[in-house]
Amino acid sequence: GGSAQRFGRVSVTLAAGGLTALSVRFNLSCPRGWRGPLSATETNSPLVLMRSNGAWSFATSFHDQRGWHYAVGGSFSTFGTAHGTLSVTTGNGRCASNVIAWRAAIHSG
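Residues numbered from 1 in each chain as written. Predicted model: local features only at pLDDT ≥ 70, side-chain atom pairs only at ≥ 80, totals over all residues. Heavy atoms only, no water.

Some thoughts on the pairing of strand β6 (residues 69-76)
Sheet topology note: the strand β5 (residues 55-63)/β6 ladder contains 8 bridges and is antiparallel. If you follow threonine 60 over to β6, its bridge partner there is valine 72. Where β5 folds back on β6, the antiparallel hairpin that results is connected by 5 residues, among which glycine 67 adopts a positive phi of roughly 90 degrees. Sheet analysis places β6 next to strand β7 (residues 81-89), joined by 8 bridges and oriented antiparallel. Residue pairing for β7: glycine 73 is matched across the bridge by threonine 85. (Pairing = 2+ DSSP bridges. Helix = DSSP H or I, 4+ residues; strand = E, 2+ residues; numbered from the N terminus.)

Dropping the structure here:
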């Protein structure tokens, strides 16, 4: 699904145990201008979904091989969509995405 950024995208994959894959495409604001679109994918053992205010939700953060920090959270509706926020910061803190709103269709995998 799309995000509030130009060319931004978020894709989530669900399995019986929870969220199993998360792919993001985003732009970073840096001292010399914008960089991107850039992308990252996180796959691991299922991230367990939590029930909160009548909706299933998740929150996770991770670092990639470059040392960049990703924070992603979202909720799933009964209509087959997910929505939430994403933020990315480079390891040295010089570039950041700020908080990005996203919405995506749910894919079972």
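From this point, the narrative continues.
Quick word on the pattern of salt bridges
On inspection of all chains with the given rule, the structure shows 1 salt bridge. The partner of arginine 66 in a salt bridge is aspartate 64, and the shortest N-O contact between them spans 2.9 Å. Assessed through its relative accessible area of 45%, arginine 66 is described here as partly exposed. (Salt bridge = Lys/Arg side-chain N within 4 Å of Asp/Glu carboxyl O. Buried < 20%, exposed > 50% of the residue type's maximum accessible area, 1.4 Å probe, protein only.)

What about the environment of glycine 73?
Tracing the backbone shows glycine 73 in strand β6. Between the alpha carbons of glycine 73 and histidine 83 there is a distance of 8.3 Å; along the sequence they are 10 residues apart. When sequence neighbours within four positions are dropped, the list of residues in contact with glycine 73 reads Phe58, Ala59, His83, Gly84, Thr85 and Trp102. (Contact = heavy atoms within 4.5 Å.)

Considerations on the packing of aromatic side chains
Summed over all chains, the structure comprises 4 aromatic pairs. Look at phenylalanine 26 and tyrosine 70: their rings are 5.9 Å apart centre to centre, the planes differ by 80 degrees, and that puts the pair in the edge-to-face class. Here tyrosine 70 lies in strand β6 and phenylalanine 26 lies in strand β2 (residues 18-30), a separation of 44 residues in the sequence. The pair phenylalanine 26 / tyrosine 70 is uniform in exposure class, with both members buried. When the ring of phenylalanine 58 is compared with that of phenylalanine 76, the centres are 5.7 Å apart and the planes differ by 35 degrees; the resulting orientation is tilted. (Phe/Tyr/Trp six-rings, centres within 6.5 Å; stacked < 30°, edge-to-face > 60°.)

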